[in-house]
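Reading the structure
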Amino acid sequence: MKKMIICMAALVFMACEKDNYDGPNAALSGSFIDAETKALVEQDIIRGTTIEIAEHGYDPVEKQILIVKNDGTYANSLLFANTYTVQPVRGNFIDVAPQDVQISGNTTLDFTVVPYIRIKEASIVKNGTTVVATFKLQQNVTTHVKKIGLYAHQDSRVGEPMRFVAAESEINAVVDPNHVYTLSIDLPSNSSQLKPGKSYYFRVGAVIDNGDAKFNYAPVVQLDI
Amino acid sequence: MRRFILLVAGLALFSCNRVLELKPTDKIRAEDLFGDPAGVKLYMANLYYQLPIEDFTYFRAGFNQNGGDPNNGGFAPAMVTDEAVHSEFGDFIGNNDFAWWEPAYKLIRDVNILSDAIPSLSITEDEKKALTGESAFIKAFAYFGLAKRYGGVPLIKSTQKYEGDVESLKVPRSTEKETWDYVMEQCDLAIASLGEGTGRRATKWTACALKSRAALHAASVAKFGPRATMSGDAVTQQLIGLDASAANSYYDASIKASEMLMASGKFGLYEPDPASPEVAAENYRKMFQDPNTAAIEAIFIKGFTLPGNNQGHNYDIWYQPAQVANGWPHPGRMNPTLDLVDLYERYDNPGQPAPVVTTAEGNVNDYNGYNPALNYIRFDTPNDIFKGKDARLWGTAILPGTSFKETPIIIQAGFVKPDGQAVIRTNDQVTVNGATYYTYGAPSTTMYSGFDTYGGNNTRSGFSFKKFMNQASPITAGWNQSTSDFMEFRFAEILLNYAEAVVESGQGDAAAAAKALNDIRKRAGHTVNIPLTAANVQRERRVELAFENKRYWDLIRRREYHTEFNNRMMHALLPLLDLRALPARKYIFVRANVPNANSKTFEPKLYYKPIPGIGANGLVQNPQY
């Protein structure tokens, strides 16, 4: 009996040391910044740009996926301090190479990128019973612009994947940077989704025809309708 | 001590004999089991039970969901497609819904044990050939189930033996192309080895049917893959995706397999020439209530013989309308959508979908609900609005006011008061000229089947479910009591596979494909032939095979899921009693979004499911998991 107690005590004491690793106390955060305009690159949370990070020292290792907020910033504050290979993937900008990053404490990592499409001079206004968006497109790769759209939702994270109502137009062509595009949503015919007297968020976006490229957007606009 | 010596002596004396040749008493040797026809039958029953047949027990959690506690709310695969909504749940597809990984490799191991043993069995060559064919059919079926979910997978072609080294058991993923080609190869082996009989075990014909379906799936992935481009390690290593150049050879394989069935003389359409659309609707319904009455059409039936856990199924208790629940507390879960109902043609406008027109203005894209400014068309009964639509609509869905089990099924969403004020989906009543009218068409919850949220027992789409429902006997209020059989392969699907493969690839006999398409429509009461086009084939496929768990895979293989389901609201048809017409009893209908529902969006990564356990098995994961 005494032997057993000693044995158990030994186990209890030993166990503490073995398990005493640090918790996930490191953080990685940063922004996606347009190389030319220095503005944040707007994103989607759902089906948007993601950042894959692979922790070193494990093989095989399951990649962790960070999502990016609508305004183009991201943060994950529950990572284990270690070296990671970091790469933004399936984004709305020209591919970025993977890089090894030592993550500890609050590590900041910004990505300077060239968005596939810049949405210029965007304006969204309510005109009578119609919401009208006008904008120009500047594309930074040679493939076709696939589609443009005006999206409406009650949440500010509005976008192509998250909308009550959309006005879309298929382009499938290389665009002229001086052409003014116009999209509009008729409010009465969407009255069950966009209820009069309430406030909704609107955003215009465009997507390039390039694999699983994501939408580029102009900043969100709030309108009372 | 003396005893010990005796013992040793005893051991020594006996051990010379046959101690090393003792047969284990807890195991059956392969030659004993498979050498005996009864043993083979027993083993086969277990293999067939494990086949990934998407029948009445197939739900989000996988196959054979009819054990002791099968309560999954009756959330059927049709409810993640545009065929139906659940009366309560608004769920869509989760990463691990409809997964099939570990059970797949268990089946593959079990069938490999059999096929490895065949050469050593002391049975006739004919018997060996039949066993070879049957195990090839099962392997093809299993790898088809894997390939359509995961893309390229590890191909375990014979039994693995553990000899102390785990690493040697790890097999990397083959490419998606190699996986499909292995399915084709096993189908061909089965077709060449199996007999031409019919029955519930694999035959040459079931193997042809499997090949027709599997090859069409592979061909579609190759042709339509560019509709949903993916990226990642699995793509660069070709573990998922097929090159567009592979499409035509798979379409050709599907065409050839279908042609073998069409030329066999063994199969045809059940009741191919109905006297009227009414007869056609009843024929169609009967074929699914009991497929054994349609032996000419059934190529492969999975039987449910006995009620009870792991034996019966739950389609009748979940899906029959509330009025016939017979004491069962959770009926009415399958609600066919207006989106599906719209698709059925009208006999007077062949070859076109016929959306239900509710107003003189005729806008069928207005889902904003009741609008007093519109001129709603008044009908004498709650189902006159569907008169002239395809018989299969009447055989698939219970329409408002139609009879089921000799009970008129009442589906009503409300009424318009004589003063023009509408009461919709609010429990209310109004008395006009001494008569009382109720929102849901009757005073108590046992007397109607629509729109009241009570218990989640009433349809919220305006339609209840008829196909597969057993009208011959009352509901038994308990789990796993239904024993209607399921047709896994039927001749109409083969004709549709054929028509699709021909029209998508431009290969094969276009005239025969057009005939196949129109034969099916003729069986549904149509008299005018329509041309063979991709759109006509897809519409025909959706209405003919509705609720047979094909639509999910059609959306997957044709890469239409992410465009069909992008913030998509499903739609309902609200029948209202129009009291403005009193004393005449008139109904109007409102097209609307399904009440209390959210929009649904398909994530393109779900075209391939996540492979479980990659930390241990070392496999390359599919993108974005």
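For every chain, the first residue of the written sequence is number 1, and numbering continues from 1 onward in sequence order. Here the convention is simple: chains get letters from A, ligands get numbers from 1, in the order in which they are written. Where local features are concerned, this predicted model is filtered to residues with pLDDT of at least 70; where side-chain atom pairs are given and counted, the filter is 80 or more; whole-chain, interface and lining totals use all residues. Only heavy atoms go into the side-chain values, all of them from the structure, while hydrogens and water stay out.

It is worth spelling out the UniProt feature "domain: SusD-like N-terminal" (unreviewed entry) in chain B at this point. Residues given the UniProt feature "domain: SusD-like N-terminal" (unreviewed entry) here are residues 100-215 of chain B. What counts as a helix is a DSSP run of H or I of at least four residues, what counts as a strand is a run of E of at least two, and both are numbered from the N terminus. Between the end C-alpha atoms of residues 100-215 of chain B there is a gap of 20 Å, over a span that is 62% helix and 0% strand. UniProt positions are given in the numbering used here, feature names are shortened, and annotations may be inferred rather than shown by experiment.

Before going further, it helps to examine the sheet that holds strand 13 (residues 181-186) of chain A. Residue and element names in this part refer to chain A. Paired strands are those between which DSSP finds at least two bridges. Strands sit in the order 9-10-13 across an open sheet of three strands; the sheet is antiparallel. Edge strands, defined here as strands with exactly one partner in the open sheet, are strand 9 (117-127) and strand 13. Averaged over all neighbouring strand pairs, the angle between strand axes comes to 20 degrees, with direction disregarded. Here strand 9 runs beside strand 10 (residues 130-139); their pairing, made up of nine bridges, is antiparallel. Bridged to I117 within strand 10 is Q139. Between N-to-C directions, angles cover 0 to 180 degrees, with each direction set by a line fitted to C-alpha atoms, over the stretch in contact for helices.

This part covers helix 10 (residues 277-289) of chain B. All names here are of chain B. Given a helix with a known number of residues, its expected span is that number minus one, times 1.5 Å. Helix length check: helix 10 (13 residues) gives 18 Å between terminal C-alpha atoms against 18 Å at 1.5 Å per residue, within 8%. Listed in full, the buried residues belonging to helix 10 are A280, A281, N283, Y284, R285, M287, F288 and Q289. The contact definition used throughout considers only heavy atoms, calling two residues in contact when any of these lie within 4.5 Å. Looking at the buried side of helix 10, the elements it contacts are helix 13 (391-396), strand 12 (486-490), helix 15 (510-523) and helix 16 (534-544). Think of it in three bands: residues with accessible area under 20% of the maximum for their type are buried, residues over 50% are exposed, and the middle band is partly exposed, with areas taken using a 1.4 Å probe on protein chains only.

UniProt records the feature "domain: RagB/SusD" (unreviewed entry) at residues 297-625 of chain B, using the numbering of this structure. In this annotation, residues 297-625 of chain B is assigned 22% helix and 15% strand; the end-to-end C-alpha distance for the span is 42 Å.

Each residue carries a pLDDT score, the predictor's own confidence in it, on a scale running from 0 to 100. Counting all residues, the mean pLDDT for chain A is 91, and 92% of those residues have values of 70 or more. By mean pLDDT, the top-scoring element of chain A is strand 15 (residues 216-217) of chain A (97), and the lowest-scoring one is helix 1 (residues 2-19) of chain A (56).

Glancing now at the domain arrangement of chain A. Residues and elements named next belong to chain A. Domain start and end points were adopted from an automatic or database domain assignment. Under the domain assignment used here, chain A contains domain 1 (22-113) and domain 2 (117-224). Counting from both sides, the interface comprises 17 residues of domain 1 and, opposite them, 21 residues of domain 2. Throughout this description, the term salt bridge denotes a Lys or Arg side-chain nitrogen within 4 Å of a carboxyl oxygen of Asp or Glu. Where domain 1 touches domain 2, the interface holds five salt bridges. Put simply, R118 and D34 hold a salt bridge, and the shortest N to O gap is 2.6 Å. Of the residues that constitute the side of domain 1 that touches domain 2, the class distribution is four nonpolar, seven polar and six charged. Classification used: nonpolar for Ala, Val, Leu, Ile, Met, Phe, Trp, Tyr, Cys and Pro, charged for Asp, Glu, Lys and Arg, polar for all others including Gly.

Before going further, it helps to spend a moment on the packing of aromatic side chains. All names here are of chain B. Stacked, edge-to-face and tilted are the three classes for Phe, Tyr and Trp ring pairs, Trp counted by its six-membered ring, which pair at centre distances within 6.5 Å; planes under 30 degrees apart are stacked, over 60 edge-to-face, the rest tilted. Across all of its chains, the model carries 50 aromatic pairs over all chains by this definition. Ring geometry for Y552 against Y561: centres 5.6 Å apart, planes inclined by 70 degrees, an arrangement best described as edge-to-face. A relative accessible area of 5% means that Y552 is categorised as buried. Seen in terms of ring centroids, Y561 and F602 are 4.3 Å apart; in terms of plane orientation they differ by 5 degrees. Their pairing is stacked. Remark: F602 occurs in the loop between strand 14 (587-593) and helix 19 (614-617) and Y561 occurs in helix 18 (residues 561-564); sequence separation between them is 41 residues. The exposure class of F602 is buried, given its relative accessible area of 0%.

To continue, consider the pattern of salt bridges. Residue and element names in this part refer to chain B. Under the counting rule described, the total for this entry stands at 66 salt bridges over all chains. The closest approach of N and O atoms between K170 and E167, which form a salt bridge, is 3.3 Å. Here K170 falls in the partly exposed class, since its relative accessible area comes to 34%. A relative accessible area of 51% means that E167 is categorised as exposed. A salt bridge links R346 to D348; its shortest N-O distance comes to 3.3 Å. When its relative accessible area of 59% is taken as the criterion, D348 is described as exposed. Within this structure, E297, E345, D390, R392, K467, R490, R521, R523, R539, E540, E544 and E548 form a network of salt bridges that share partners.

Bringing the domain arrangement of chain B into the picture now. One widely used convention gives an interface's size as the accessible area the parts lose upon coming together. Residues and elements named next belong to chain B. We note that the domain assignment places domain 1 (315-478 + 568-593) and domain 2 (492-565) within chain B. Using C-alpha coordinates to define each centre, domain 1 is positioned 29 Å away from domain 2. Counting from both sides, the interface comprises 21 residues of domain 1 and, opposite them, 20 residues of domain 2. Across the interface of domain 1 and domain 2, roughly 1800 Å² is buried in total on both sides, 59% from carbon and sulfur atoms. Throughout, the accessible surface (probe 1.4 Å) given up by two parts as they are put together, summed over both, is called the buried area. Interface area lost by domain 1 to domain 2 is led by L343, R392 and R568, which between them contribute 35%. Our enumeration of links across domain 1 and domain 2 arrives at six salt bridges. Taking the shortest distance from any N to any O, the salt bridge between K467 and E548 comes out at 2.7 Å. When contributions to the side of domain 1 that touches domain 2 are tallied by element, the ones reaching two or more residues are strand 3 (334-336), helix 12 (338-343) and helix 13. In terms of residue count, helix 13 provides more of the side of domain 1 that touches domain 2 than any other element does, three residues in total. Considered class by class, the residues forming the side of domain 1 that touches domain 2 number 13 nonpolar, three polar and five charged.

Time to look at the UniProt feature "domain: DUF3823" (unreviewed entry) in chain A. Residue and element names in this part refer to chain A. Taken from the UniProt record, the annotation "domain: DUF3823" (unreviewed entry) applies to residues 27-113 and 117-222. Annotated as residues 27-113, this span is 0% helix and 51% strand, and its ends, taken at the C-alpha atoms, are 22 Å apart. What you have in residues 117-222 is 0% helix and 56% strand, and the ends, taken at the C-alpha atoms, are 23 Å apart.

Another aspect to go through is the pairing of strand 9 (residues 429-432) of chain B. Covered by surrounding structure in strand 9 of chain B are B:V430 and B:V432 only, the residues B:Q429 and B:T431 on the alternate face being uncovered. Between strand 9 of chain B and the antiparallel strand that follows it, strand 10 (residues 435-438) of chain B, lie two residues; B:N433 among them carries a positive phi value of about 50 degrees.

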